[in-house]
Amino acid sequence: MIRPETIEKILDTVRIEEIVGDFVTLKRRGANLLGCCPFHNEKTPSFTVSPAKGIFKCFGCGEAGNSVHFLMKHEHFSYPEALRYIANKYNIEIEEEALTPQQLEKQTEREALLNVSDFAQKYFADLLYNNEMGQAIGLSYFYERGLTDVVIKRFGLGYCIDEWDNFTNHATQNGYSLNVLEKTGLTIVKENGKKYDRFRGRVMFPVFSVSGKCLGFSGRILSSEKQAAKYVNSPESEIYNKSRTLYGIFQAKGAISKQDLCYLVEGNIDVITMHQAGIENTVASSGTSLTMEQIRLISRYTKNITVLYDGDAAGIKAAFRAVNMLLEEGMRVRVVLFPDGEDPDSYTRKYGAEKIQAYVTEQATNFIIFKTKILLEETKGDPIKKAALIKDIVQTIALVPELIERNIYVKECASLLDISEQTLATELAKCIVSNRKKQFENAAVAAAATPSPAEQLPANDYPTPNPDIPADQQGPTPDEAERLKKALITDGAADPLEVYERKLISLLMNSGTSTIKQPAKDEQGNDIEEENYVSAIIVGDLMADELDFKNPVYQTIYETYKNNLLEGRMVDADYFLQQDNIELANLAATLLTNTYNVSDNWMERYQIYVPTMDDNLEKDLKQSLLRFKQMKLEERINALSEKLKDEQTDDELTLLLHQIAQMKKVKVLICKELNQIITS
Ligand SMILES: [Zn+2]
């Protein structure tokens, strides 16, 4: 751990031209230096270094950032490694924060637990094939369930001998301490000192991490006469956290990302049978109801999830909550219901691989439609129950982040519920507004609890990525990085709206801390001049009109400004430059080196005009806000006009036409105001 003060010293001392100069020949051009880009092949130099801003930027391939990012990119250093390189170059002594004895112990304890779990898994797996009892009881049970040697080995299944302390003795003889064995839960030590194996007489299902490390076990008892629980699981430990693990994720992750779909089942055995039937993209949340961490784990690989339910209604309703969580995380959820009394395992054994493959594909129903149908079944003829049902469904639809998808559900559910789309849409709008309000309040609370940017830096100084740490603590996933990168390519902007979004973000970053005098009224209603920060004007204006950015990266930046402003803090572009998130820093550097201008090609094609930064800042700001709103309005008018094509009742038609007319009026006002500014 490098101390925050040291990091600050390093960043203050470093000279970008000297760092880059070690790897690239640079020539001075005006205030900047120019060279051939080391990140892409080029003959004419387009790689610029700005000593004043401390950043580099390639106009050919778009790479950009500060000295640390350059080293991370060019030398494939981690963040701390890059800092150490700079410190060494400038003879800065690194004051490391030594790990405390407790931290050290925890680290080694974690390793010790992982080692003994690995040892246990291999031992149990070996007994299954090479021990008389293991073969007679364990292996024959798995064969009976139709499992082949291939999947038995793939999932590392095993058997724990039915003696009091067979495993514990074997482990201690091999040098594993009783203390560690007890902490993993493999051994239970009684008060009188007697010790015995937790899993004795059970077939063993090891639970692996994403990277294939054995974290814990689930053991199933086979003899029916004993008064023992059918399944026993490892207790929570330093390495095993049930809410963060998914059974089968190690074996399934490749197939999940390849097929862009994940099947979620209830039992471990379902995972294995499905896997054997060729449906390898299957996991189970075994032992817990689905958690947020598990959803995030899945969403590293896909946004599409199909939940497989055993056919009883009670179980389904219990699962509704879990599915709401999935929707909220932006997952697209489908549901497959099995016939009464069947589960994926029994169905597969009865009908075979081809049938189950066809079944899960053909039966997959959109979750919201599925839920509406199930609940509707219960409300027959009861108006009070039906009102509650509508409320419930609306709340579920409100969780869907995509507007287009929400609209589809409104249409389908209205027809299922036999009410007008307008009624449902109105209810939905109310629900979304109240959700937003809650989110806003929560965000304000969270912002208050977030440390200032300077305090956040050392937190980013984590060591090399650990495959067992959840994704959200590890920086961007490959997908995210790809998305962020796409957002950086100037002329690749998806549509004209994005051009204006970028312009506003550029204004925030380049001039957010500048001030502008605006006419205002004091408490007595007298005309006065009020000085405001540009960032405050932009954020205030967009909040008043409830406008957001379509591009997710811009939205993130906008929200950072907003949340900090609401807390009375000022963020500037450096805040983004100092992030160890290369992509975000890249965007910041891009916007800083190139006050954004649209190519002639763009202007011609879309007949748009983007003001340049150098004229009057106030004029620039007003225009940019108005044009952004104009574009947003245009988009809404188009969406409503599109709706006109659908079948509508007379009432709906009148309402639509009225809305469009209103928006066109606002558009005219905006145009007028724009003309005034341009010609002024
Ligand atoms: Zn380049």
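Let us look at the structure shown here. (Residues numbered from 1 in each chain as written. Predicted model: local features only at pLDDT ≥ 70, side-chain atom pairs only at ≥ 80, totals over all residues. Heavy atoms only, no water.)

## As for the coordination of the zinc ion
Thinking step 1. Protein coordination at the zinc ion comes from Cys37 (SG), His40 (ND1), Cys58 (SG) and Cys61 (SG), with a distance range of 2.0 to 2.3 Å.
Thinking step 2. Around the zinc ion, the 4 donor atoms sit at angles spanning 103 to 119°, and that spread fits a shape best called tetrahedral.
Thinking step 3. Mapping the donors of the zinc ion onto the primary sequence gives the spacing C-x2-H-x17-C-x2-C.
Thinking step 4. We classify Cys61 as partly exposed; its relative accessible area is 36%. (Donors = N, O, S within 2.8 Å, 3.2 Å for Na, K, Ca; no water. Tetrahedral: all angles 85-135°; square planar, octahedral: opposite > 155°, others 65-115°. Buried < 20%, exposed > 50% of the residue type's maximum accessible area, 1.4 Å probe, protein only.)

## Things to note about the pairing of strand 10 (residues 214-221)
Thinking step 1. For strand 10, the tally of buried residues reaches 8 of 8 residues, placing the bulk of the element in the interior.
Thinking step 2. Direction of pairing for strand 9 (residues 202-208) relative to strand 10: antiparallel, over a ladder of 7 bridges. Bridged to Arg202 within strand 10 is Ile221.
Thinking step 3. Linking strand 9 back to strand 10 in an antiparallel pair, the connection comprises 5 residues, with Gly212 at a positive phi of about 90°.
Thinking step 4. In this sheet, strand 11 (residues 231-233) lies alongside strand 10 in antiparallel orientation, the contact comprising 3 bridges. (Helix = DSSP H or I, 4+ residues; strand = E, 2+ residues; numbered from the N terminus. Pairing = 2+ DSSP bridges.)

## Observations regarding the nonpolar core
Thinking step 1. Counting 57 residues, the largest nonpolar core has Phe124, Phe142, Leu157, Phe167 and Tyr247 as its most contacted members.
Thinking step 2. Per element, the largest residue contribution to this core is 10 residues, and it comes from helix 5 (residues 101-130).
Thinking step 3. In this view, Phe124 contacts Gly158, Tyr159, Cys160, Phe167, Leu186, Met204 and Phe217; residues no more than four positions away in its chain are not counted.
Thinking step 4. In terms of nonpolar packing, the next biggest core, distinct from the first, is built from 47 residues, Ile249, Cys262, Tyr301 and Tyr409 among them. (Core = buried A, V, L, I, M, F, W, Y, C linked by side-chain atoms within 4.5 Å. Contact = heavy atoms within 4.5 Å.)

## Comments concerning the packing of helix 16 (residues 367-379) against helix 17 (residues 383-398)
Thinking step 1. In the contact formed by helix 16 and helix 17, the axes pass within 10 Å of each other and the chain directions differ by 170°. On the basis of the axis angle, helix 16 is roughly antiparallel to helix 17. For the pair helix 16 and helix 17, contact is made by Phe367, Ile368, Lys371, Thr372, Leu375, Leu376, Glu378 and Thr379 and by Lys385, Lys386, Leu389, Asp392, Ile393, Thr396 and Ile397, respectively.
Thinking step 2. Class assignment for the residues of the contact of helix 16 with helix 17 results in 7 nonpolar, 3 polar and 5 charged. (Axes fitted to C-alpha atoms, helices over the stretch in contact; angles between N-to-C directions. Parallel < 35°, antiparallel > 145°, perpendicular 65-115°, else oblique. Nonpolar A, V, L, I, M, F, W, Y, C, P; charged D, E, K, R; others polar.)

## Some details on the packing of aromatic side chains
Thinking step 1. Within the structure shown, the criterion is met by 27 aromatic pairs.
Thinking step 2. Where Phe39 meets Phe47, the ring centres are 6.4 Å apart and the plane angle is 55°; that geometry is what we call tilted.
Thinking step 3. Accessibility expressed as a relative area gives 0% for Phe47, which makes it buried.
Thinking step 4. With a centroid separation of 6.0 Å and an interplanar angle of 35°, the aromatic rings of Tyr123 and Phe167 are classed as tilted. Here Tyr123 is found in helix 5, whereas its partner Phe167 is found in helix 8 (residues 166-173), with 44 residues between them in sequence.
Thinking step 5. Taking the relative accessible area as the measure of exposure, Tyr123 reaches 14% and is therefore buried.
Thinking step 6. Among the aromatic side chains, those forming a connected cluster through ring pairs are Phe119, Tyr123, Phe124, Phe167, Tyr176, Phe199 and Phe217. (Phe/Tyr/Trp six-rings, centres within 6.5 Å; stacked < 30°, edge-to-face > 60°.)

## A look at the environment of Ala87
Thinking step 1. You can see Ala87 is positioned in helix 4 (residues 79-89).
Thinking step 2. Residue classification places Ala87 among the buried positions, given a relative accessible area of 1%.
Thinking step 3. The spatial distance from the C-alpha of Ala87 to the C-alpha of Val14 is 8.4 Å, given a sequence separation of 73 residues.
Thinking step 4. Discounting residues that sit within four places of it in the chain, Ala87 has contacts with Ile10, Ile92 and Ile94.

## Observations regarding empty space enclosed by the protein
Thinking step 1. Overall, the coordinates contain 2 cavities of 30 Å³ or more when judged by the stated rule.
Thinking step 2. Taken as a whole, the largest cavity spans an internal volume of roughly 40 Å³.
Thinking step 3. Around the largest cavity, the lining residues are Val207, Tyr240, Lys242, Thr245, Leu246, Tyr247, Ala284 and Ser286. (1 Å grid on protein atoms, 1.4 Å probe; cavity = no way out; pocket = protein on both sides within 12 Å on 5 of 7 lines; lining within 4 Å. Points joined across faces, edges and corners; volume = space filled by probe spheres on them.)

## A closer look at the pattern of salt bridges
Thinking step 1. Using the criterion set out here, one finds 17 salt bridges in the structure.
Thinking step 2. Here Glu280 and Arg154 are joined by a salt bridge, their closest N and O atoms 3.9 Å apart. Here the residue Glu280 occupies a position in the loop between helix 11 (268-276) and strand 13 (282-284), and Arg154 occupies one in helix 7 (residues 149-154), the gap between them amounting to 126 residues.
Thinking step 3. Judged by relative accessible area, which is 32%, Glu280 ranks as partly exposed.
Thinking step 4. Judged by its relative accessible area of 40%, Arg154 is partly exposed.
Thinking step 5. A salt bridge links Lys411 to Glu421; the nearest nitrogen and oxygen atoms lie 3.7 Å apart. Here Glu421 lies in helix 19 (residues 421-449) and Lys411 lies in helix 18 (residues 403-417), a separation of 10 residues in the sequence.
Thinking step 6. What makes Lys411 partly exposed here is its relative accessible area of 38%.
Thinking step 7. One network of salt bridges, in which partners are shared, links Arg145, Asp345 and Arg349. (Salt bridge = Lys/Arg side-chain N within 4 Å of Asp/Glu carboxyl O.)

## Points about the sheet that holds strand 2 (residues 32-35)
Thinking step 1. Ordered in space as 1-2-3-4-5, the 5 strands form an open sheet in which the pairing is antiparallel. Looking at which strands have only one partner, the edges of the open sheet turn out to be strand 1 (27-29) and strand 5 (64-66). Here the strands of the sheet are splayed against their neighbours by 25° on average, with no regard to which way each runs.
Thinking step 2. Docked against the sheet, helix 3 (residues 67-74) engages strand 3 (47-50), strand 4 (55-58) and strand 5, running at close to 120° with respect to strand 5.

## Re the environment of Ile516
Thinking step 1. Take Ile516: it is sitting in strand 17 (residues 515-521).
Thinking step 2. On a C-alpha basis, the gap between Ile516 and Tyr533 in space is 6.4 Å, while along the polypeptide they are 17 residues apart.
Thinking step 3. The contact partners of Ile516, leaving out residues within four places of it in the chain, are Glu530, Glu531, Asn532, Val534, Ile537, Leu617, Glu618 and Leu621.

## A look at the sheet that holds strand 9
Thinking step 1. Read from one edge to the other, the open sheet built from 4 strands follows the order 6-9-10-11, with strand pairing classed as antiparallel. The sheet terminates laterally at strand 6 (158-160) and strand 11, the two strands that pair on one side only. For this sheet the average axis-to-axis angle between neighbouring strands, irrespective of direction, equals 35°.
Thinking step 2. The strands that helix 6 (residues 132-144) touches are strand 6, strand 9 and strand 10; relative to strand 6, the one it contacts most, it runs at about 135°.

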